[in-house]
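# Secondary and tertiary structure notes
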Amino acid sequence: MSPSAPDRQDWKWLLIIGVAGMLLGWAVNAVSPRGFSLLKAAQGSTWMPATDWDDEGDTPTAKGGRP
Amino acid sequence: MTRWLFHPRLLRAISLFMGLLFIAAAVGKLMDPVKFLGSVSDYRFLPQWILPFYSAGIPGVELLAGLGLVFKVKERACAMIISALLVSFIIALSQAVLRGMDFDCSCFDLIGSWAVTFGQAPWLKAHAAWLAEALTGLGVKLASRVSWGTVLRDVYYLAPMLLVVFAPRARAEQA
């Protein structure tokens with residue numbers, strides 16, 4: 001009854017589940033009515049932070065959201 | 001000591017609890033991707049071009065890993081994923097606290113998106129409220145500010161998850 005470290009198979013399945021999960025998330029985002037365009041969002045053009053910050057960037061001023 | 005720590009029923013209970021927790025958290029985030037994107041950007045931790053890919057993809061990983069833990073499918077690999085996610089959350093939360101930032105951590109509060117997404121379905125609202133109460137009863141605060149307390153909560157989730165990662169293998173699994 002001694003602890004057992006993850007083996008090669010575990011790392012392989014970690015990779016498979018991780019990649020499948022990312023693809024699932026992107027697919028759900030693509031069909032969701034509240035989804036966003038990944039490429040446009042990467043350019044920062046289709047969304048705003050959930051919190052608006054003051055000029056110094058340390059204090060939240062108001063709740064933001066989707067423009 | 002190790003016999004008690006790695007007792008199969010204890011490991012099963014940990015997997016069930018953490019699996020259900022991550023499924024609930026993931027579904028909320030999947031229901032409202034744009035809100036989760038905004039929440040992740042609040043941390044100001046990741047480069048902007050990575051943010052949308054990370055915030056859209058991570059809930060899917062949480063969901064699959066949570067399902068794997070609940071249904072005992074590649075349980076160790078799923079526990080490794082959840083542990084890695086928890087470590088990343090601990091790092092992101094810690095840097096936010098150290099920088100003096102103050103906002104909702106968006107860990108579980110998006111669970112409320114279930115009811116929002118399905119509009120006026122009263123049965124779903126009732127279930128969302130029940131789930132929120134049940135999770136609160138288990139020590140999961142749905143809306144919590146970024147703080148050392150939130151960091152500590154993730155450490156408290158990580159410790160039992162590591163037991164599943166390093167659980168002794170069954171004889172059949174070793175062969």
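Quick look at the structure, then.

Residues and elements named next belong to chain B. Direction vectors running N to C along helix 2 (residues 8–31) and helix 5 (residues 75–98) enclose 55 degrees, while the axes themselves pass 12 Å from each other. When the interaxial angle is binned, helix 2 and helix 5 end up oblique. Our pair here, helix 2 against helix 5, has a crossing hand that is left-handed. The segment helix 2 lies against helix 5, with R12, S15, M18 and F22 engaging E75, I82, L85, L86 and F89. Counted by class, the contact of helix 2 with helix 5 contains 6 nonpolar, 1 polar and 2 charged residues.

Attention now goes to helix 3 (residues 33–42) of chain B. For helix 3 of chain B, the buried fraction is high: 9 of the 10 residues fall into the buried class. Two residues or fewer after helix 3 of chain B comes B:R44, characterised by a positive phi angle close to 45 degrees.

A few words on the nonpolar core. All names here are of chain B. In terms of nonpolar packing, the biggest core is built from 39 residues, with M18, Y43, I82, L86, V146 and M161 touching the most fellow members. Going through the elements one at a time, helix 2, helix 4 (51–70), helix 5 and helix 8 (148–165) are the ones with two or more residues in this core. Counting residues per element, this core draws most heavily on helix 5, at 14 residues. Those residues in contact with I82 that sit more than four places away from it in its chain are M18, F22, A65, G66, L69 and M161.

What counts as what
Residues numbered from 1 in each chain as written. Chains lettered and ligands numbered in written order. Predicted model: local features only at pLDDT ≥ 70, side-chain atom pairs only at ≥ 80, totals over all residues. Heavy atoms only, no water. Axes fitted to C-alpha atoms, helices over the stretch in contact; angles between N-to-C directions. Helix = DSSP H or I, 4+ residues; strand = E, 2+ residues; numbered from the N terminus. Parallel < 35°, antiparallel > 145°, perpendicular 65-115°, else oblique. Left-handed = near helix turned anticlockwise from the far one by under 90°. Contact = heavy atoms within 4.5 Å. Nonpolar A, V, L, I, M, F, W, Y, C, P; charged D, E, K, R; others polar. Buried < 20%, exposed > 50% of the residue type's maximum accessible area, 1.4 Å probe, protein only. Core = buried A, V, L, I, M, F, W, Y, C linked by side-chain atoms within 4.5 Å.

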